[in-house]
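Structure assessment
Single-letter residue listing:
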Amino acid sequence: MKDRIERGKALAETLFGPRERQRAVLPDQLRDYTLGFVFGDLWQQDDMSVEERELCTTAMLVALNRRDEQKLHFSAARNLGIPRARIEAIITHAAFYAGWPCAISAAHALNEVWPAAES
């Protein structure tokens, strides 16, 4: 488990940056499961690239209208070099399947963490 947690910490730092890890205050056990199983195992599988996982995760968070997590993953997409236009396309596509309010909320969240002028 310790190896998985270390791999998860390294990936989380790549995705979210070192400052975000300091801000993510979670209960110890939830933090260990998140780092060990989500980022240390699931995100490390060979069947999808990290960038593909990020795009899938972003789409699901838009559809679920999970604004706080959207902001984290929009920033992660940027850190991975995914163009803002790809995130905008996901948001637009999601509007037709998850509903306009989810897409509008996601567009506002994207603008908060990645202003259009910076793309």
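Whatever comes next refers back to the structure up there.
Residues numbered from 1 in each chain as written. Predicted model: local features only at pLDDT ≥ 70, side-chain atom pairs only at ≥ 80, totals over all residues. Heavy atoms only, no water.

Concerning the packing of aromatic side chains
Inspection of every chain in the model, using the stated rule, returns four aromatic pairs. Both rings, one in F16 and one in F39, keep their centres 5.7 Å apart while their planes meet at 80°; by these two values the pair is edge-to-face. Of the two residues, F16 is situated in helix α1 (residues 2-16) and F39 in helix α3 (residues 28-39); the sequence distance between them amounts to 23 residues. Each of the two residues, F16 as well as F39, counts as buried. Relative to W100, the ring of F96 lies with its centre 5.1 Å away and its plane at 75°, an arrangement referred to as edge-to-face. By relative accessible area, F96 is classed as exposed at 63%. (Phe/Tyr/Trp six-rings, centres within 6.5 Å; stacked < 30°, edge-to-face > 60°. Helix = DSSP H or I, 4+ residues; strand = E, 2+ residues; numbered from the N terminus. Buried < 20%, exposed > 50% of the residue type's maximum accessible area, 1.4 Å probe, protein only.)

A closer look at the environment of D28
Structurally, the position occupied by D28 is in helix α3. The exposure class assigned to D28 is exposed, which follows from its relative accessible area of 52%. Between the C-alpha atoms of D28 and Q45, which are 17 residues apart in sequence, the distance is 24 Å.

Some words on the packing of helix α4 (residues 50-64) against helix α5 (residues 67-79)
Two elements in contact, α4 and α5, have axes separated by 10 Å at closest approach and are oriented at 155°. It follows that α4 is roughly antiparallel to α5 by the angle criterion. Relative to α5, the crossing made by α4 is left-handed. Of the residues in α5, those touching α4 at E54, T57, T58, L61 and V62 are E69, Q70, H73, F74, A76 and A77. Broken down by class, the residue content of the contact of α4 with α5 amounts to five nonpolar, four polar and two charged. (Axes fitted to C-alpha atoms, helices over the stretch in contact; angles between N-to-C directions. Parallel < 35°, antiparallel > 145°, perpendicular 65-115°, else oblique. Left-handed = near helix turned anticlockwise from the far one by under 90°. Contact = heavy atoms within 4.5 Å. Nonpolar A, V, L, I, M, F, W, Y, C, P; charged D, E, K, R; others polar.)

Here's the deal with a nonpolar patch on the surface
Among the surface-exposed residues, M1, Y33, F37, V38 and L42 lie close enough to one another that they form a single nonpolar patch of about 440 Å² accessible area. Here L42 falls in the partly exposed class, since its relative accessible area comes to 47%. (Patch = residues over 30% accessible without salt bridge, like charges linked within 9 Å, V, L, I, M, F, W, Y side chains within 5 Å. Areas by Shrake-Rupley, 256 points an atom, 1.4 Å probe, with all protein chains shown as cover. Salt bridge = Lys/Arg side-chain N within 4 Å of Asp/Glu carboxyl O.)

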